[in-house]
Amino acid sequence: PPRPPQAHAVLSLSDFPRMPEPVEALLQKYPGVIVGFHLSDPRMWILEQARQQGTRVFIDAVGPHDTAENLKKAVALQPAAIQTDHPAWLLDILN
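No experiment lies behind these values; they were computed from the predicted model shown. (Residues numbered from 1 in each chain as written. Predicted model: local features only at pLDDT ≥ 70, side-chain atom pairs only at ≥ 80, totals over all residues. Heavy atoms only, no water.)

Most of strand β2 (residues 34–38) is tucked away, with five of its five residues classed as buried. Taken together, the three bridges between strand β1 (residues 10–12) and β2 define a ladder with parallel strand orientation. Of the residues in β2, the one forming a bridge with leucine 11 is valine 35. Looking at chain direction, β2 and strand β3 (residues 57–60) are connected through four bridges and run parallel. By the bridge assignment, valine 35 is partnered in β3 with valine 57. Viewed along the sheet, the connection from β2 through helix α2 (residues 45–52) into β3 turns out right-handed. (Buried < 20%, exposed > 50% of the residue type's maximum accessible area, 1.4 Å probe, protein only. Helix = DSSP H or I, 4+ residues; strand = E, 2+ residues; numbered from the N terminus. Pairing = 2+ DSSP bridges. Right-handed = clockwise from strand over helix to strand, strands pointing away.)

Right, dumping it as structure tokens:
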């Protein structure tokens, strides 16, 4: 079935401990995908690389790293979206 026009695919790099392809190849293979990063991912440098290619990024802050301080760090990265178990904290930071 056709996907709704507002639906987006998120490729979470945190789910791929060792990617079989370079980031550039993945972004070319899946244009329009949103690349997801967990705040604890040591490969956050890929975030800037994805942005340089025009890819939107998503930050997953859920889990033990889901603190007000880390949400501030996530906001500073200016992602397209932030996932948190504490939406009130995030809204306070954004406002």
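This part is about helix α3 (residues 68–76). Asn70, Leu71 and Ala74 are the residues of α3 that are buried. Projected down its long axis, α3 shows its buried positions confined to an angular sector of 105°, all on one face. Those residues of α3 that are buried are in contact with β3, β4 (81–83) and α4 (87–94). (Arc of directions from axis to C-beta. Contact = heavy atoms within 4.5 Å.)

Reading across the sheet, the four strands line up as β1-β2-β3-β4 and stay open at both edges, with parallel pairing between neighbours. Every other strand in the sheet has two partners, leaving β1 and β4 as the edge strands with one partner each. Looking at each pair of strands side by side, their axes are set apart by 25° on average, direction ignored. Two elements, β3 and β4, share three bridges in a ladder whose sense is parallel. Residue pairing for β4: phenylalanine 58 is matched across the bridge by alanine 81. Strands β2 and β3 of the sheet are contacted by α2, whose axis makes an angle of about 155° with β3. (Axes fitted to C-alpha atoms, helices over the stretch in contact; angles between N-to-C directions.)

None of the figures reported here should be taken as evidence of function without further support.
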